[in-house]
Amino acid sequence: SAVISQKPSRDICQRGTSLTIQCQVDSQVTMMFWYRQQPGQSLTLIATANQGSEATYESGFVIDKFPISRPNLTFSTLTVSNMSPEDSSIYLCSASDMGNTEAFFGQGTRLTVV
Amino acid sequence: AQTVTQSQPEMSVQEAETVTLSCTYDTSENNYYLFWYKQPPSRQMILVIRQEAYKQQNATENRFSVNFQKAAKSFSLKISDSQLGDTAMYFCAFMKHLGAQKLVFGQGTRLTINP
């Protein structure tokens, strides 16, 4: 299994600013993902964080708004740029290994944009 | 594209009762995985149970079991002898057998176990 630490756990931000969320895994993993969970709703995949290359974004999500880094096999960051109140959500980091279908999740970052 | 549908936004049962959460999905894939994840108020997503589509036998994990009907594209979760700690959001999720291991989630069911 993998233990995932996310920082910060919550934040309140002014509109127009950016926030970077960090995700640290306690072991090397093949796959890392970022999900968004809007209030009272399900999880939607934002992108797959690829080690050493650009992230793969899902439809409706763009790199300029959600730049992602993955410098190694245990760490990734998600930046929410030029925030608006509509970005208020929980952002969750997830990790899994190729061939192991179980995905592990961080505790999420609750973001409120005012 | 795959879709997952949970038609029960909320459910509530008494402690020790049995409860069944429904999930249907749509896919053109023949091999895939299905999951039930639990999200308590702590927000930590926890894997409850998983099912491989090419296995006919329904998965079980202690008090948790599934009823997997591949032809009907149905994947329900049964919780027996429910406990207060089972109170959480439950998400049904789909993953392709081959590919990027991305999860597609249903809308979730909020389950409350009452004392």
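Shown above is the structure to which this text applies.
Attention here is on the structure that accompanies the text. On a predicted model such as this, the values are computed, not experimentally measured, just so you know. (Residues numbered from 1 in each chain as written. Chains lettered and ligands numbered in written order. Predicted model: local features only at pLDDT ≥ 70, side-chain atom pairs only at ≥ 80, totals over all residues. Heavy atoms only, no water.)

1. Comments concerning the layout of surface pockets
Rule in force here: Both site types are read off a 1 Å grid over the protein atoms alone. A 1.4 Å probe that fits but cannot get out defines a cavity, while an open set with protein on both sides within 12 Å along at least five of seven lines defines a pocket; lining residues have an atom within 4 Å of a point. Grid points are joined across faces, edges and corners, and a volume is the space filled by probe spheres set on the points. Helix and strand assignments come from DSSP, with helices taken as H or I runs of at least 4 residues and strands as E runs of at least 2, each series counted from the N terminus.
What the largest pocket holds in volume is close to 460 Å³. What lines the largest pocket is a set of 24 residues, among which Glu58 of chain A together with Gln2, Lys102, Leu103 and Val104 of chain B lie closest to the centre. Listing elements by their share of the lining of the largest pocket, those giving two or more residues are β5 (43–49) of chain A together with β1 (3–5), β10 (88–96) and β11 (104–105) of chain B. For the second largest pocket, the calculated volume is near 370 Å³. Lining of the second largest pocket is provided by 22 residues; of these, Gln37, Ile90 and Arg110 of chain A together with Gln39 and Arg110 of chain B occupy positions nearest its centre.

2. Quick word on the packing of aromatic side chains
Where two aromatic rings form a pair, the distance of their centres and the angle of their planes describe that pair. The line we're drawing: Note on aromatic contacts: the rings of Phe and Tyr and the six-membered ring of Trp form a pair at centre separations within 6.5 Å, being stacked when their planes are under 30 degrees apart, edge-to-face when over 60 apart, and tilted otherwise. Only protein chains enter the accessibility calculation, which uses a 1.4 Å probe. A residue is then buried if its area is under 20% of the maximum for its type, exposed if over 50%, and partly exposed in between.
Using the criterion set out here, one finds 15 aromatic pairs over all chains in the structure. Arranged with centres 6.5 Å apart and planes meeting at 45°, the rings of Phe66 of chain A and Tyr91 of chain A form a pair that is tilted. In this pair, Phe66 of chain A sits in the loop between β6 (56–57) and β7 (68–72) while Tyr91 of chain A sits in strand β9 (residues 89–96), placing the two residues 25 residues apart along the sequence. For Tyr91 of chain A, a relative accessible area of 0% puts it in the buried group. On the numbers, 5.5 Å between centres and 80° between planes, the contact of Phe105 of chain A with Tyr37 of chain B is edge-to-face. Placement of the pair is Phe105 of chain A in strand β10 (residues 104–105) and Tyr37 of chain B in strand β5 (residues 32–39), with the two residues belonging to separate chains.

3. A look at the pattern of salt bridges
Stated precisely, the cut-off is as follows: Salt bridges are defined as contacts in which a side-chain nitrogen from Lys or Arg sits within 4 Å of a carboxyl oxygen from Asp or Glu.
Taken as a whole, this structure holds six salt bridges over all chains when the rule is applied. In this structure, Lys65 of chain A engages Asp87 of chain A in a salt bridge whose closest nitrogen and oxygen atoms are separated by 2.6 Å. Of this pair, Lys65 of chain A sits in the loop between β6 and β7 while Asp87 of chain A is found in the loop between β8 (75–80) and β9, placing the two residues 22 residues apart along the sequence. The shortest N-O distance in the salt bridge between Asp26 of chain B and Lys73 of chain B comes to 3.6 Å. Note that Asp26 of chain B is positioned in strand β4 (residues 24–26) and Lys73 of chain B in the loop between β8 (64–69) and β9 (74–79), a separation of 47 residues in sequence. For Asp26 of chain B, a relative accessible area of 41% gives the class partly exposed. You can call Lys73 of chain B partly exposed: its relative accessible area is 25%.

4. Regarding the environment of Thr112 of chain A
All names here are of chain A. We count it as follows: Residue contacts are defined here by distance: any two heavy atoms, one from each residue, within 4.5 Å place the two residues in contact.
Mapping Thr112 onto the fold places it in strand β11 (residues 109–113). Of the residues examined, Thr112 reaches a relative accessible area of 32% and is grouped as partly exposed. Note: C-alpha distance between Thr112 and Asp87 (25 residues apart in sequence) is 7.6 Å. Ignoring any residue separated from it by four or fewer positions in sequence, one finds Thr112 in contact with Asp11, Ile12, Cys13 and Ser88.

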